[in-house]
Amino acid sequence: MTLRLTQGSLRHANGVDALCNIDVQISAGEQVAIIGPSGAGKSSLLNLLATALKPSSGDIEVLGERAWHLSARQRQRLRARIGLVHQAPPIPPRQRVITAVLAGKLGQWSLGKSLLNLLHPLDVAGARAALARLDLGDKLFAHCQQLSGGQLQRVGIARVLYQAPEILLADEPVSAMDPVLAGHTLSILSRHAREHNVTLVASLHAVDLALAQFPRIIGLRDGQILFDCPSDQVSRDKLDALYANEQLQSPAPAVAPLIVQIPRC
Ligand SMILES: Nc1ncnc2c1ncn2[C@@H]1O[C@H](COP(=O)(O)OP(=O)(O)OP(=O)(O)O)[C@@H](O)[C@H]1O
């Protein structure tokens, strides 16, 4: 099993319980979408799977290793095999796109090579190829602050493609893109995962995209798994239960309706 979370719970430092006794098992090469309302715990779950956060209780196994039973150095090596795409990539605004993409390999390079790369990009062709897959080949030497939100998200994806991890975790990776570009970009991620037997797990707010692009869907609500099933078994009822939110129902109009007087000619 590539990812196995057993009875995983996560309590954030402020006391908020983001995940409560969750069991998740994901095999090598699987493609899974996590959907659910805001605050359901999707990012928290992805951060647990990425070993960026430690579960408050329960156990997590990644690529056959019990992540939190490893030494810090071994866990660092394990993390180099995991790619995490952030909704807002944590890239310094003045950094050049090429440096941001090449940073994908920092976990695999020696300190000396990484420092040298900061002074002089070591693999221009590799960065250009990764960007070209996302139609951003012409932005190689642009500064990240010159890019739109959607372009920056694609730079984050190019970085993870360049990293070539065994597990690819993506937290709302296309949220800043228009629907056509979002679908196109997700299909690039999905094709990459299929061709390289990469395990892909992505959180998405666009339910239609999740159902169209992913064969397995996990529905998360209030830190718990409401359903975990093939996408063709995600029914209207399941989605209604997942997104039910009485607070968002339209309130009854508080004022009398406006009556418009149309003058007769
Ligand atoms: N760093 C943090 N410190 C404290 N509480 C946090 C932190 N991150 C998330 N939370 C809380 O944990 C819960 C789950 O948040 P999380 O970001 O995992 O949800 P989400 O499903 O990804 O939400 P969204 O779709 O809005 O991004 C929320 O109640 C949130 O307020």
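Residues numbered from 1 in each chain as written. Predicted model: local features only at pLDDT ≥ 70, side-chain atom pairs only at ≥ 80, totals over all residues. Heavy atoms only, no water.

### Considering the overall build of the protein chain
Reasoning step 1: A count of helices and strands for the protein chain gives 9 helices and 10 strands.
Reasoning step 2: Seen along its three principal axes, the alpha-carbon backbone of the protein chain occupies a region of about 80 × 55 × 35 Å.
Reasoning step 3: Looking at the protein chain as a whole, 46% of its 265 residues qualify as buried.
Reasoning step 4: For the protein chain, the share of sequence-separated contacts (at least 6 apart) that also reach a separation of at least 24 residues comes to 66%.
Reasoning step 5: With the model as given, the accessible surface of the protein chain reaches about 14,000 Å², and the carbon-plus-sulfur share is 53%.
Reasoning step 6: For the protein chain, the centre of its 26 positive side-chain charges and the centre of its 21 negative side-chain charges are spaced 9 Å apart. (Helix = DSSP H or I, 4+ residues; strand = E, 2+ residues; numbered from the N terminus. Buried < 20%, exposed > 50% of the residue type's maximum accessible area, 1.4 Å probe, protein only. Contact = heavy atoms within 4.5 Å. Areas by Shrake-Rupley, 256 points an atom, 1.4 Å probe, with all protein chains shown as cover. Lys, Arg positive; Asp, Glu negative; His and termini not counted. Charge placed at Lys NZ, Arg CZ, Asp CG, Glu CD.)

### Let's talk about the layout of surface pockets
Reasoning step 1: Put simply, the largest pocket is a space of about 490 Å³.
Reasoning step 2: Lining the largest pocket are 20 residues, and of these Ile82, Leu84, His86, Arg159 and Gln163 lie nearest its centre.
Reasoning step 3: Listed by contribution, the elements that provide at least two residues to the lining of the largest pocket are α2 (72–79), β6 (82–85) and α6 (149–163).
Reasoning step 4: Split by residue class, the lining of the largest pocket holds 11 nonpolar, 7 polar and 2 charged.
Reasoning step 5: Looking at the second largest pocket, its volume works out to about 160 Å³.
Reasoning step 6: Around the second largest pocket, the lining residues are Glu172, Val174, Ser175, Met177, Asp178, Pro179, Ala182, Leu204, His205, Ala206, Asp208 and Leu209.
Reasoning step 7: Counting only elements with at least two residues in the lining of the second largest pocket, the list comes to α7 (179–195) and α8 (207–213).
Reasoning step 8: Class assignment for the residues of the lining of the second largest pocket results in 7 nonpolar, 2 polar and 3 charged. (1 Å grid on protein atoms, 1.4 Å probe; cavity = no way out; pocket = protein on both sides within 12 Å on 5 of 7 lines; lining within 4 Å. Points joined across faces, edges and corners; volume = space filled by probe spheres on them. Nonpolar A, V, L, I, M, F, W, Y, C, P; charged D, E, K, R; others polar.)

### Some remarks on the pairing of strand β9 (residues 216–221)
Reasoning step 1: Burial runs high along β9: 5 of the 6 residues are buried.
Reasoning step 2: Summarising the sheet, strand β3 (residues 31–35) and β9 pair through 4 bridges and their orientation is parallel. When the bridges of β9 are listed, Ile34 appears paired with Ile218.
Reasoning step 3: Pairing analysis gives 6 bridges linking β9 to strand β10 (residues 224–230), with the strands arranged antiparallel. In the strand pairing of β10, Ile218 is matched with Asp228.
Reasoning step 4: In sequence, β9 turns back onto β10 through a hairpin of 2 residues, with Asp222 there showing a positive phi of about 50°. (Pairing = 2+ DSSP bridges.)

### Here we look at the site of the ligand
Reasoning step 1: If you check the shell around the ligand, you find 14 residues, and the closest are Ser38, Gly39, Lys42, Ser43 and Ser44.
Reasoning step 2: Between an oxygen atom of the ligand and a side-chain N or O atom of Ser38, the distance comes to 2.7 Å.
Reasoning step 3: Contact distances for the ligand include 2.8 Å between an oxygen atom and a backbone N or O atom of Gly39.
Reasoning step 4: In isolation the ligand has 630 Å² of accessible area, and contact with the protein removes 62% of it.
Reasoning step 5: Of the residues belonging to the shell around the ligand, the class tally is 4 nonpolar, 8 polar and 2 charged. (Near = heavy atom within 4 Å. Polar contact = N/O pair within 3.5 Å; in protein donor to acceptor, adjacent residues only side chain to side chain.)

### Some details on the sheet that holds β10
Pairing between the strands of a sheet comes from backbone hydrogen bonds, and it takes one of two forms, parallel or antiparallel.
Reasoning step 1: Read from one edge of the open sheet, 6 strands run β6-β7-β8-β3-β9-β10, paired in mixed fashion. One side of each edge strand has no neighbouring strand; the edge strands of this open sheet are β6 and β10. When strand polarity is set aside, the average angle formed by the axes of neighbouring strands in this sheet is 15°.
Reasoning step 2: The strands touched by helix α1 (residues 42–49) within the sheet are β3, β6, β7 (167–171), β8 (199–203) and β9, with β7 carrying the most contacts at an inclination of about 155°. (Axes fitted to C-alpha atoms, helices over the stretch in contact; angles between N-to-C directions.)

### Quick look at the sheet that holds strand β4 (residues 57–62)
Reasoning step 1: Reading across from one edge, β2-β1-β4-β5 is the order of the 4 strands in this open sheet, with antiparallel pairing throughout. With partners counted over all chains shown, the strands left at the sheet margins are β2 (17–26) and β5 (65–66), one partner each.
Reasoning step 2: Taken together, the 6 bridges between strand β1 (residues 3–11) and β2 define a ladder with antiparallel strand orientation. Bridge assignment links Leu10 to a residue of β2, and that residue is Leu19.
Reasoning step 3: Together, β1, β2 and β4 form the strand contacts of α1, whose direction differs from that of β1 by roughly 125°.

### Overview of the side chain of Gln31
Reasoning step 1: When you line up the elements, Gln31 lands in strand β3.
Reasoning step 2: For Gln31, a relative accessible area of 8% corresponds to the buried category.
Reasoning step 3: Here Ser190 takes part through its side chain, which lies 2.9 Å from a polar atom of the side chain of Gln31.
Reasoning step 4: Apart from residues no more than four positions distant in its own chain, Gln31 is found in contact with Ser190, Ala193, Arg194, Leu200, Gln213, Phe214, Pro215 and Arg216.

Bear in mind that shape data such as this cannot, by itself, settle questions of function.
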